[in-house]
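The lines below spell out each chain.
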Amino acid sequence: MSKFLAITDVTKVYKAAKGQSVTALDDVSLDIEDGQIIALIGPSGCGKSTLLRMIAGLDGEYEGEIAWATPPKAGRDIGFVFQEHALLPWRTIQRNVALGLEGKGADKAAINARVAELLTMVGLADFAHSYPSELSGGMRQRVAIVRALAYNPRILLMDEPFGALDAITRDRLQDDLLRIWEQTKKTIVLVTHSVEEAAYLADRVVVMSARPGRIRAIHNVPLPRERNQSTRELPEFAQFANMLRGQLA
Ligand SMILES: Nc1ncnc2c1ncn2[C@@H]1O[C@H](COP(=O)(O)OP(=O)(O)OP(=O)(O)O)[C@@H](O)[C@H]1O
């Protein structure tokens, strides 16, 4: 496994109104390996979303360094999935997924083939011509994930992607994500509030502490791949999740 991204001593200060400022990230350093799933956990306001934004290049004003082994191309190499699916309500599912591919030089037949492949991957081929309002929350979020994968980004940044879903749907989508990851081996950085989700999905878990946001600990997840529902039954799973919970307290 090779180094993909090196975050070194990154400090981010937001200048707020009335001259006040908020240190959202304080001297954060983290190496991300190619093909790994990294989970970021920490109390509300500790800077998890800020760190994703810095990695995504959405805000270039920070101290420190974010160095890529191969610098990403804008709009192509970084896929983003948010808590709310952010699908366009007036476009069909097929055309929502096609969004990232249009205007990138691919012809219509190639785009349609790629979209069909992606929708099949998440079991939604039959919904290609439906509108987002006709799908459940879990189905919409699966569309958001494959839309982010459509242009084959090198990294997927996910900010609480399953946070708005009920527990059963959430478990199902975690398995969908693992299956997609097994197939694509994308590098994934995932923000979550759930220690179980972090333990189930990640290779490494980064625990952050609040105000100012610092890295408290980085853990290798002591669970074998491939993971599936029986992983949740392992004593190591509960032990690891409990240990993470203790570090958040
Ligand atoms: N655009 C902004 N302007 C000013 N302050 C901001 C801005 N964005 C975030 N902050 C502040 O930076 C800190 C970190 O916010 P961030 O959203 O990164 O935290 P988080 O860990 O993702 O929180 P949560 O888990 O609640 O989503 C917070 O104190 C927040 O108020």
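Computed from a predicted model, the values in this text were never measured in an experiment.

(A) A look at the overall build of the chain. Looking only at helices and strands, the chain features 7 helices and 9 strands. On C-alpha atoms alone, the chain measures out to a radius of gyration of 18 Å, which is about the 18 Å that the 2.2 N^0.38 rule sets for 249 residues. Counting only C-alpha atoms, the chain reaches 50 × 45 × 40 Å along its principal axes. Burial status across the chain gives 37% buried among its 249 residues. Contacts in the chain between residues far apart in sequence, at least 24 positions, make up 72% of those at least 6 positions apart.

(B) Examining helix α3 (residues 108-121) more closely. Over its 14 residues, α3 extends 20 Å from the first C-alpha to the last, a length consistent with the 20 Å expected when each residue adds 1.5 Å. Buried within α3 are the following residues: I111, R114, V115, L118 and L119. Each buried residue of α3 sits inside an arc of 130 degrees when the element is viewed along its axis, so together they form one side. More than 90 degrees from the buried face of α3, the exposed residues found are A109, A110, A113 and E117. Contacts from the buried residues of α3 go to α2 (93-98) and α4 (137-149). Remark: G123 follows α3 within two positions and exhibits a positive phi of approximately 70 degrees.

(C) Region of the structure containing the environment of D26. Tracing the backbone shows D26 in strand β2 (residues 21-33). For D26 and W90, which are 64 residues apart along the polypeptide, the C-alpha to C-alpha distance reads 42 Å. With sequence-adjacent residues up to four places away left out, D26 is seen in contact with T11, P212, G213 and R214.

Reading the values: the criteria
Residues numbered from 1 in each chain as written. Predicted model: local features only at pLDDT ≥ 70, side-chain atom pairs only at ≥ 80, totals over all residues. Helix = DSSP H or I, 4+ residues; strand = E, 2+ residues; numbered from the N terminus. Rg over C-alpha atoms; globule rule 2.2 N^0.38 Å. Buried ≥ 20, exposed ≤ 12 C-beta atoms within 10 Å, placed from the backbone. Contact = placed C-beta atoms within 7 Å. Expected span 1.5 Å × (residues − 1). Arc of directions from axis to C-beta.

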